[in-house]
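Spelled out, the chains give:
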Amino acid sequence: MNVKNIYLFVIIMCLFASCSDDDSFSLSKSDMLTFSADTISMDTVFSTVPTSTRTFWIYNRSGDGIRCSKVRLANGNQTGFRINVDGEYLSPSTGYQISDVEVRKNDSIRVFVELTSPENGKEGPQLLEDELIFLLESGLEQKVSLNAYTWDANLLKNVFVKNDTTISSNDKPVVIYGGLTVDSCATLNITAGTTLYFHGDAGIDVYGRLVSEGTPDNNIILRGDRMDKMFDYLPYDNVSGQWLGLHFYSSSYDNKIYYTDIHGTFNGIVCDSSDVSKSKLQLYNSSVHNCQGFGIKSENCLIDIRNSQVSNTLNDCIAIFGGSAVIQQCTLAQFYPFDSNRGAALYYSNFSGECYLPLLKMDCLNSIVTGYANNVIIGAQLDDDTKTFNYRFVNSLLRTPEVDDNENLTNVIFENVTDTAAISGEKNFILVDIDKQRYDFHLKAVSPAINAANTEYALPEDRDGNQRDELPDIGCYEYYDNEASNN
């Protein structure tokens, strides 16, 4: 045998040995699979509603291949979990199991998990559990736990309210798909303590009238329907743009929103142009928070906002295009975390596009208007002094460059833009945590807003229904020892 043939023989033998090693599978119980997670939790989900997909990895870190003679769901079709292992679906036709799943040495495969849980017929979230069982050829059994809390809900799709209607969630949560529309001749009442969950394609379109009347102890909550997490530290409930928000069309008047928490929307509230002699919206003791568009956008309307928090919006927290608006004892906080190109905390103008809209009144009374930027207030006026542009700020804490305007500004406190604590919100508020998107806009003891409100415009109670004292505070929250109560 010549040298060339010897080299060729050695190469062939090495390749054969390599293939043999890769194709061999261990029967030793000491060789086990490794999982990237030993438990897959779906958090809380609504019964009969498909969840998002979870995944985990299976690794083989042993010195040999491992074959699973069977991979199966312990409870078969009883729980509603759906599994795909390395491209193979555990289907009903196969009895929710597959055979001969191979994981070669130093290799990995991926598992996908979804859930559509059956109704449980019980009140409140119920624990649902299953196991994904891996039976190795060695006879060893390994498991990954699957669990979720499932909640029976009333699912409403493309709801059109033609007559006066009352909606509540006293017995089951209400989940809305495709939207909720209120006819021009109808009133929709939402009762105190109700929580409405909106899918991503849903919002409330009001051609008639909306009355959302919560109480200090039983706020109404309007939110998105995702109750899982984007990241371990970030629930989807803290992410903007989860649903469409509220839209009041031109035919809609006399809407009342009291003690209502609106958050996670695209636009929080949009008010279309209407007769400015008729009340469009009363927003009292409420919150509009974390919007991917505007917090409140009003075009040529009569709106009244009291004791309310409007915060963290990609566009302006409140935008007033003409009409008449009163912002009394409110907290406008522009700390939107997802985009540095965020809008103003307060915008007001006497035009929209090329259309002149007389700004009859924009009164900002006893209110905090602040945020990250050095100037979070924009007043935009047509270059024509004959066009109506009426505004005033009274006893308000403002984050804007200081101006000398005795005609329109009375007892205004200008924030120091070089003060680091003021820039981050630490000067005024209990918590502004942009990293984890956690916020608490109650006042801190060092805030200059304390005892600084004008008593003439002071409201007797704050956003939470607490009594204001003889020296009321600026903003929607009256100071009490919040910091001590949060420790």
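Cut-offs applied
Residues numbered from 1 in each chain as written. Predicted model: local features only at pLDDT ≥ 70, side-chain atom pairs only at ≥ 80, totals over all residues. Heavy atoms only, no water. Helix = DSSP H or I, 4+ residues; strand = E, 2+ residues; numbered from the N terminus. Rg over C-alpha atoms; globule rule 2.2 N^0.38 Å. Buried < 20%, exposed > 50% of the residue type's maximum accessible area, 1.4 Å probe, protein only. Contact = heavy atoms within 4.5 Å. Areas by Shrake-Rupley, 256 points an atom, 1.4 Å probe, with all protein chains shown as cover. Polar contact = N/O pair within 3.5 Å; in protein donor to acceptor, adjacent residues only side chain to side chain. Patch = residues over 30% accessible without salt bridge, like charges linked within 9 Å, V, L, I, M, F, W, Y side chains within 5 Å. Salt bridge = Lys/Arg side-chain N within 4 Å of Asp/Glu carboxyl O. Pairing = 2+ DSSP bridges. Axes fitted to C-alpha atoms, helices over the stretch in contact; angles between N-to-C directions. Lys, Arg positive; Asp, Glu negative; His and termini not counted. Charge placed at Lys NZ, Arg CZ, Asp CG, Glu CD. Core = buried A, V, L, I, M, F, W, Y, C linked by side-chain atoms within 4.5 Å. Phe/Tyr/Trp six-rings, centres within 6.5 Å; stacked < 30°, edge-to-face > 60°. Lys NZ or Arg CZ within 6 Å of the ring centre and 35° of its normal.

Novice: Just give me the short version of the overall build of the chain, but keep the residues and values in it.
Specialist: Counting its regular elements, the chain contains three helices and 42 strands. Over its C-alpha atoms the chain spans a radius of gyration of 30 Å, topping by over 25% the 23 Å that the globule rule assigns to 487 residues. For the chain, the spread of C-alpha atoms along the three principal axes comes to 105 × 60 × 50 Å. Sorting the 487 residues of the chain into buried and exposed places 51% on the buried side. Partitioning the intrachain contacts of the chain with sequence separation of at least 6 by distance along the chain shows that 63% fall at a separation of at least 24. About 21900 Å² of surface is accessible on the chain, with carbon and sulfur atoms providing 47% of the total.

Novice: Describe the side chain of Ser62, naming the residues involved and giving the relevant values.
Specialist: Mapped onto the elements, Ser62 comes out in the loop between strand 3 (54–59) and strand 4 (66–73). Of note is the side chain of Ser62, whose polar atom sits 2.7 Å from the side chain of Asn60. Only 2.8 Å separates the side chain of Ser62 from the backbone oxygen of Asp64, close enough to count as a polar contact. Excluding residues that lie within four positions of it along the chain, Ser62 makes contacts with Asp31, Lys105 and Asn106.

Novice: So what's going on with a nonpolar patch on the surface? Residues and values would help.
Specialist: Among the surface-exposed residues, Met230, Phe231 and Tyr233 lie close enough to one another that they form a single nonpolar patch of about 290 Å² accessible area. As for its placement among the helices and strands, Tyr233 is situated in the loop between strand 19 (229–231) and strand 20 (234–235).

Novice: Describe the sheet that holds strand 10 (residues 141–151), naming the residues involved and giving the relevant values.
Specialist: Taken in spatial order, the five strands of this open sheet run 2-10-9-4-7, and their pairing is mixed. For this open sheet the edge positions go to strand 2 (39–46) and strand 7 (97–103), each flanked by a neighbour on one side alone. For this sheet, the mean inter-axis angle between neighbouring strands, taken without regard to orientation, is 25°. Strand direction decides the pairing type here: strand 4 and strand 9 (residues 126–136), joined by five bridges, are antiparallel. For Val71, the partnering residue across the bridge sits in strand 9 and is Phe134.

Novice: Outline a negative patch on the surface, supporting the account with residue identities and numerical values.
Specialist: A surface patch of negative charge is lined by Asp86, Glu88, Asp100 and Asp107. For Asp107, the location among the structural elements is in the loop between strand 7 and strand 8 (108–115). Relative accessible area serves as the criterion here: at 39%, Asp107 is assigned to the partly exposed category.

Novice: Just give me the short version of the nonpolar core, but keep the residues and values in it.
Specialist: With 56 residues, the main nonpolar core has Leu246, Ile269, Tyr348, Met362 and Phe393 as its most contacted residues. Excluding its chain neighbours within four sequence positions, the residues that come into contact with Tyr348 are Ile320, Leu359, Met362, Ile377, Ile378, Gly379, Ala380, Phe389, Tyr391 and Phe393. Membership of the second largest hydrophobic core comes to 31 residues, among which are Met42, Cys68, Val71 and Leu140.

Novice: So what's going on with the packing of aromatic side chains? Which residues, and what values?
Specialist: Inspection of every chain in the model, using the stated rule, returns 21 aromatic pairs. Centre to centre, the rings of Phe46 and Trp151 are 6.0 Å apart; their planes meet at 25°, and the pair counts as stacked. One end of the pair, Phe46, is in strand 2; the other, Trp151, is in strand 10, with 105 residues separating them in the sequence. For the pair shown, Phe46 and Trp151 are each scored as buried. Cation over ring: Lys157 sits above Tyr177, and NZ or CZ is 5.8 Å from the ring centre.

Novice: I'd like to hear about the sheet that holds strand 6 (residues 88–89), residue by residue, with values.
Specialist: Strands sit in the order 1-3-8-5-6 across an open sheet of five strands; the sheet is antiparallel. Two strands bound the open sheet, and with one partner strand each, they are strand 1 (34–35) and strand 6. Pairing analysis gives two bridges linking strand 5 (residues 81–85) to strand 6, with the strands arranged antiparallel. Of the residues in strand 6, the one forming a bridge with Asn84 is Tyr89.

Novice: Summarise the pairing of strand 5; cite the residues concerned and give the values.
Specialist: Only one face of strand 5 is buried: it carries Phe81, Ile83 and Val85, and the other face, with Arg82 and Asn84, is open. The pairing of strand 5 with strand 8 spans five bridges and is classified as antiparallel. Each residue of the ladder has a partner; that of Arg82, found in strand 8, is Glu114. Hairpin remark: strand 5 followed by strand 6, antiparallel, with two residues in the connecting loop; positive phi at Asp86, about 50°.

Novice: Would you mind going over the pattern of salt bridges in detail, with residue names and values included?
Specialist: Using the criterion set out here, one finds 15 salt bridges in the structure. For Asp254, the salt bridge is made with Lys256, and the minimal N-O distance between the two is 3.4 Å. The class of Lys256 is buried, set by a relative accessible area of 19%. Arg306 is paired through a salt bridge with Asp304; the nearest N and O atoms lie 3.0 Å apart.

Novice: Which residues make up unusual backbone geometry, and what values go with them?
Specialist: Even without being glycine, Asn106 reaches a positive phi, approximately 60°. Mapped onto the elements, Asn106 comes out in the loop between strand 7 and strand 8. Its relative accessible area of 66% is what places Asn106 among the exposed residues. Unusually for a residue other than glycine, Asn451 sits at a positive phi of about 65°. Relative to the assigned elements, Asn451 resides in the loop between strand 42 (438–443) and helix 3 (482–486). Residue classification places Asn451 among the partly exposed residues on the basis of a relative accessible area of 42%.

Novice: How would you summarise the side chain of Gln242 if you had to cite specific residues and measurements?
Specialist: Here Gln242 is to be found in the loop between strand 20 and strand 21 (246–248). Among the residues examined, Gln242 registers a relative accessible area of 16% and is labelled buried. For Gln242, the contacting residues outside a window of four places in its chain are Phe198, His199, Gly200, Gly224, Arg226, Tyr236, Gly264 and Thr265.

Novice: Please set out the environment of Cys68 residue by residue, giving values where relevant.
Specialist: Checked against the element boundaries, Cys68 lands in strand 4. The spatial distance from the C-alpha of Cys68 to the C-alpha of Trp151 is 34 Å, given a sequence separation of 83 residues. With residues near it in sequence (within four places) discarded, Cys68 still touches Leu33, Ser99, Asp100, Val101, Phe134, Leu135 and Leu136.

From the geometry alone we can't say anything about function, so treat these as descriptive.
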